[in-house]
Amino acid sequence: MTLHVLRAFCLAAMFATAIAAAQPEAWRPSFPATIDSHTWLDTHRRLCFGVDGTSLDEVIDAGSNVICGGTNAAGIGFAGGPFILGREGEFVDIMTGVPIPAPTLAELRSRVDAAHARGVKVLGEVIRFNMTPWMQAEHPEWQEINSPGGKPITVEELKDLHVLGCWNSPYGDWFIKSQVELVKQLDWDGYNMDGFGCWAQCFCPSCTAAYTADCGHAIPAVRDVNSAEYRHYLKWRLARYTGFVARWTAALKAVKPDFVTAPWTTGPGRWWHWMGAPAAEGTDAMHRVLDAPFLELLWDFPADQGSNLLPAFTCRYYRGLCGDRPAWILPYLCEQGQFNMQPPRAECDLREMTVLTNGCIPAQGRWQQNADTPLAHLNALVEEREPFTRDARSLKWAAMFVGESSRLLYGLPGARTEVPLGAWIGSGVDTPDIGKLEPGERRMPAHMESAVGVFRAMMEDHLPLDIVIEPDLEDPETLQQYKVLILPNAACLSDKATATIRAFVKAGGGLVAMHESSICDEFGDRREDFSLADVFGAHHRGTEDFSARWPNYPKWTELYLGIAGRDLHPISDDAVVRSNYRSGSDRLQYIGWMTNVDVAAGATKLGRRLSAPVEWPFIVLNEPAAGRSVYVAADLGQAYFLAPYQYQRRLISNAVRWAATTPPPVTVSAPLCVQAAFYTQADGRRTVVHLLNEVNTSANRAIPENNPPQREETLPIAGINVAVAGEAITAAFAEPGHLSLPLTKTPGGFVVTLPRLDTHAMIVFEE
Ligand SMILES: [Zn+2]
């Protein structure tokens, strides 16, 4: 290099450095650490809502050991109410500003003391972020402003208009201060709050200044996920809320280290949380800084109103949101969706055990009982299982990624804003249904439909499956616990996440990815090609729509996977796949979205779409370094949820098995209607296999959109085999009941047989 060239090079380098320094690094989300999970929840988790001063002893006698009054704080409850600190440090009614009389607070405190005297814990009812009169007068700038240029209302107007304070303004600090004071004065052990959430846009001075400081822009006026500006803003807003929740939790734990934060984190659990942006309500990562997020669980909401699939998926999803810790879930024991009539006991039991099987804690409502199904019965179901659910960790084999960005920002191809802000789908019972689509046509975001389909396949083939979220994919230690990662059309992945996945596969991990996984970054900005193209061994060239709903099939397609010889592969060489071929045919039909991809050098094509003029690959196998990747050029998960064929289940589960390389350590041989979930306790020395019998003897005769069929009886299943690998097991029991199960030696370990499964049982293997 000559001196002249060297100088020019140095100048260019200096110039480039100057430019880089002038432009701050673009803002991107980061995630807080998961809080320590050990609180009084280790010993107290049988919560009952709807308790008042007169029914306290009754619910404790029925086995409840955590008490909460109402499911919201609209009025004075058991231990809380619509309270916020007044200007002088006294508690006032948040709506009227009238001071709370001392005898009222004394009465609440005496109920908490009475509960404590009987050894039970109390969640105080917390009101949402409403503005209060003194604040509206002195700090109108703390009010949430929902449109650009919007002005705060007057104190006079506040009498009729319930506006919110902005949690991102000093209102948020005042709110936290109020919560701390309530805990000190009323001695709560935890809180429950309805109306918890960040919502999408606020143009108050605090939000405007914070966004400009972090990102250098004004908050966009548009509210549309098709706008990149809005998508970037939304991720910022969500991360900001996670930070607020973390501060709030920390402030309460500074008063009581084992205080339990348990707000309703989605409102309410009618799949709305999944409907995609712009109406984002909360963040995935906030669940990591809460002790036991609450969810209402319903059994009658679109897109599948007739089965136990979506409720089961929801519980597993919340377990994942919490980072392998349980969420608290209130199963709605209702008929016709939300009508308050008691379902038969067999149905109540199934709902409670669906929550428990999938790793969450069922909560009770005092109004949800009768002589057939008393509160004591529901509490007993949970209590006799507690020795095997306490401190349980999921068995780490397969992880499925379910991502906030893919859910909110990728949406349905061509229809990203299916549910406009405010236009949520009501229940039709307590809220009007204003969804624009017929129930049978209603959809969740494409990524969620894909995840539900994969969950169904894994559940029916009884494979262990955890759900992981965005913070987990950016943390190599979390990913390394698993043998295989599944990306169910996980379109939106950050560069950091794809780097972690790439390293995971190169180090020997397995990957199963579908459709447009990694085509966008975490802001939903599309890339030229898959970020993981090198891992998939496939390059993105486009997508094609072969989806259909009865009775319109405008365009469908067929596949060739091979029925003999060299074309067969362990993924497709399967009795269930073979059962779908007609005599003399080697074709399989497919309804759903597909991807057009080119196969990279070194990767292998498995099967093809029978289309003209190009026969695109169906599956691409790649083995970068030590690991295995299966890329499916179709949204096979979504297809198995929306327009399923049996062969699709086995393609999904066989792909997961092949990519994982090693089989799961526990295997269950049971009918498709049995759900299995796998946990360990005592540092892995105990393995607990939950078995849930979902059979419905009413044979699904009720039409699914009007009263999903309710179980009236249990049809026991005999002879379920559970095999465990290795030599270390010394005993096995069926719980509850502590029935000893004889261990039969097999070449690789032991097998036991459960003589009879009623609604739910656990097979417990002890080393
Ligand atoms: Zn604001």
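In this convention, every chain numbers its residues from 1, walking through the sequence in written order. In view of the model being predicted, local features appear only for residues whose pLDDT reaches at least 70, and side-chain atom pairs are presented and counted only at 80 or more, with totals across whole chains, interfaces and linings using the full set of residues. Remark: hydrogens and water are excluded; side-chain values derive from all non-hydrogen atoms of the structure.

Chemist: Sorry if this is basic, but what is going on with the packing of helix α7 (residues 205-215) against helix α8 (residues 228-255) here?
Modeler: Two quantities define a packed helix pair, namely the angle between the helix axes and the distance between the axes. To define axes, lines are fitted to C-alpha atoms, for helices over the stretch in contact only, and angles between the resulting N-to-C directions are given on a 0 to 180 degree scale. To qualify as a helix, a DSSP run of H or I must reach at least 4 residues; to qualify as a strand, a run of E must reach at least 2; elements of each kind are numbered from the N terminus. Two elements in contact, α7 and α8, have axes whose closest approach is 12 Å; the angle formed by their N-to-C orientations is 105 degrees. Relative to α8, α7 is oriented roughly perpendicular. Contact residues: Cys207, Ala210, Tyr211, Asp214 and Cys215 in α7; Glu229, His232, Tyr233, Trp236, Arg237 and Arg240 in α8. The nonpolar class holds Ala, Val, Leu, Ile, Met, Phe, Trp, Tyr, Cys and Pro. Asp, Glu, Lys and Arg form the charged class, and all remaining residues, Gly among them, are polar. Here the residues of the contact of α7 with α8 sort into six nonpolar, one polar and four charged. If an angle is under 35 degrees, it is roughly parallel; if it is over 145, roughly antiparallel; if it lies from 65 to 115, roughly perpendicular; otherwise it is oblique. Contact criterion: two residues are considered in contact whenever any of their non-hydrogen atoms come within 4.5 Å of each other.

Chemist: Sorry if this is basic, but what is going on with the coordination of the zinc ion here?
Modeler: In an ideal tetrahedron of four donors about a metal, each angle is 109.5 degrees. In an ideal octahedron of six donors, the angles are 90 or 180 degrees. Only nitrogen, oxygen and sulfur atoms qualify as donors, provided they sit within 2.8 Å of the metal or within 3.2 Å for Na, K and Ca; with water excluded from the atoms, sites may seem incomplete. Cys166 (SG), Cys202 (SG), Cys204 (SG) and Cys207 (SG) make up the full set of protein donors to the zinc ion, lying at 2.3 Å. Geometry is assigned from donor-metal-donor angles: four donors are tetrahedral when every angle falls between 85 and 135 degrees, four are square planar and six octahedral when opposite donors sit over 155 degrees apart with all other angles between 65 and 115, and any other arrangement is irregular. Each of the four donor atoms around the zinc ion contributes to a set of angles spanning 101 to 113 degrees, which defines the coordination as tetrahedral. In the primary structure, the donors to the zinc ion are separated according to the pattern C-x35-C-x1-C-x2-C. Separated by 36 residues along the polypeptide, Cys166 in the loop between α5 (155-158) and α6 (170-186) and Cys202 in the loop between β6 (190-193) and α7 bring together distant segments of the chain. For the pair Cys166 and Cys202, one class covers both residues: buried. The buried label applies to any residue whose accessible area, calculated with a 1.4 Å probe on protein chains only, is under 20% of its type's maximum; exposed applies above 50%, and partly exposed to all values in between.

Chemist: Teacher, can you tell me more about the pattern of salt bridges here?
Modeler: Close approach of charged atoms allows side chains with opposite charge to pair. Salt bridges are identified by distance alone: a Lys or Arg side-chain nitrogen within 4 Å of an Asp or Glu carboxyl oxygen. Inspection of the entire model under this criterion finds 48 salt bridges. A salt bridge links Asp173 to Arg247, with the nearest nitrogen and oxygen atoms 2.7 Å apart. Remark: Arg247 occurs in helix α8 and Asp173 occurs in helix α6; sequence separation between them is 74 residues. A residue is classified by how much of its surface remains accessible, and Asp173, at 42% relative accessible area, is partly exposed. Across the salt bridge formed by Arg351 and Glu347, the nearest N and O atoms sit 2.8 Å from each other. Residue Arg351 and its partner Glu347 are located together in helix α10 (residues 345-357), separated by four residues, close to a single helical turn. Relative accessible area serves as the criterion here: at 1%, Glu347 is assigned to the buried category. The network of salt bridges with shared partners includes Arg109, Asp113, Asp187, Asp189 and Lys256.

Chemist: For this particular structure, what's the right way to read empty space enclosed by the protein?
Modeler: Take a probe with the size of a water molecule and roll it over the atoms, and the empty space left behind shows itself. Residues are called lining when one of their atoms sits within 4 Å of a cavity or pocket point, these points coming from a 1 Å grid over the protein atoms alone, where a cavity is a set in which a 1.4 Å probe fits but cannot get out and a pocket is an open set with protein on both sides within 12 Å along at least five of seven lines. Grid points are joined across faces, edges and corners, and a volume is the space filled by probe spheres set on the points. All chains considered together, the criterion is met by eleven cavities of 30 Å³ or more. Quantified by volume, the largest cavity comes out at close to 190 Å³. Forming the walls of the largest cavity are 15 residues, and the residues nearest its centre are Ser37, Asp42, Arg45, Arg325 and Pro326. Looking at the lining of the largest cavity residue by residue, the class counts come to five nonpolar, three polar and seven charged. Sorting the residues of the lining of the second largest cavity by element identifies β10 (361-362) and α12 (386-389) as the ones contributing at least two each. When residues in the lining of the second largest cavity are grouped by element, the largest group, three residues, is from α12.

Chemist: Help me understand the sheet that holds strand β16 (residues 510-514) in this model?
Modeler: Within a sheet, neighbouring strands are paired by backbone hydrogen bonds and run either parallel or antiparallel to one another. Judged by pairing direction, the sheet is mixed, and its nine strands sit side by side in the order β14-β13-β15-β16-β23-β22-β21-β18-β19 without closing on themselves. For this open sheet the edge positions go to β14 (466-468) and β19 (588-590), each flanked by a neighbour on one side alone. Pairs of neighbouring strands in the sheet enclose a mean axial angle of 25 degrees, with direction left out of account. Relative to strand β21 (residues 604-609), strand β18 (residues 557-560) runs antiparallel, the two sharing two bridges. Its bridge partner being in β21, Leu559 is matched across the sheet by Arg609. Lying on the sheet, helix α14 (residues 446-460) is in contact with β13 (398-401), β15 (484-487) and β16; it crosses β13 at an angle near 160 degrees. Think of it this way: DSSP has to see at least two bridges between two strands before they count as a pair.

Chemist: Just checking my understanding: could you explain the pairing of strand β8 (residues 294-297) for this structure?
Modeler: Regular strands place their side chains on alternate faces of the sheet. Here β8 shows two buried faces, one formed by Phe294 and Glu296 and the other by Leu295 and Leu297. As paired strands, β8 and strand β9 (residues 328-331) are joined by four bridges and run parallel to one another. Pairing of Phe294 across the sheet is with Trp328, part of β9.

Chemist: How should I be thinking about the packing of aromatic side chains in this particular structure?
Modeler: Centre distance and the angle of the planes are the two values used to describe a pair of aromatic rings. Aromatic pairs are defined between Phe, Tyr and Trp rings, using the six-membered ring for Trp, whenever the two ring centres lie within 6.5 Å; interplanar angles under 30 degrees are classed as stacked, those over 60 as edge-to-face, and all others as tilted. A full pass over the atoms with the stated rule returns 31 aromatic pairs. Between the aromatic rings of Phe49 and Trp264, the centroid separation amounts to 5.3 Å while the plane-to-plane angle is 20 degrees, which identifies the pairing as stacked. Placement of the pair is Phe49 in strand β1 (residues 47-49) and Trp264 in the loop between β7 (260-261) and β8, with a sequence separation of 215 residues. Comparing Phe49 with Trp264 shows no difference in burial state: the two are buried. Judged by centre distance (4.9 Å) and plane angle (70 degrees), the ring pair of Trp167 and Tyr241 falls under edge-to-face. Here Trp167 is found in the loop between α5 and α6, whereas its partner Tyr241 is found in helix α8, with 74 residues between them in sequence. By the burial criterion, Trp167 is buried, and Tyr241 matches it. By the ring-pair criterion, three or more aromatic residues cluster together here, those being Phe129, Trp167, Tyr171, Phe175, Tyr191, Phe196, Tyr241, Phe244, Trp248 and Phe259. Whether a charge sits over a ring depends on NZ of Lys or CZ of Arg being within 6 Å of the ring centre and within 35 degrees of the ring normal. Above the plane of the ring of Tyr640 lies Arg456, whose end atom (NZ or CZ) is 4.4 Å from the centre.

Chemist: Is there a simple way to explain the domain arrangement of the protein in this structure?
Modeler: By a widespread convention, an interface's size corresponds to the accessible area lost as its parts come together. Along its sequence, the protein is organised into domain 1 (398-666) and domain 2 (667-766). All the domain ranges listed were derived from an automatic or database domain assignment. Placing a centre on the C-alpha atoms of domain 1 and another on those of domain 2 gives a separation of 28 Å. Contacts between domain 1 and domain 2 engage ten residues on the former and 17 residues on the latter. Buried area, as used here, totals the accessible surface that two parts lose on assembly, with accessibility defined by a 1.4 Å probe and the loss added over both. Carbon and sulfur atoms supply 68% of the area buried between domain 1 and domain 2, which totals about 1,000 Å² over both sides. In terms of surface lost to domain 2, no three residues of domain 1 exceed Met459, His462 and Val666, which account for 63% of the buried area on that side. Each polar contact in these results corresponds to two N or O atoms within 3.5 Å; when the atoms are within protein, one needs to be able to donate a hydrogen and the other to accept it, and residues that are neighboring in sequence are counted only if both atoms are side-chain atoms. Linking domain 1 with domain 2 are three residue pairs in polar contact (both at pLDDT 80 or more). Taken together, the residues of the side of domain 1 that touches domain 2 break down into seven nonpolar, one polar and two charged.

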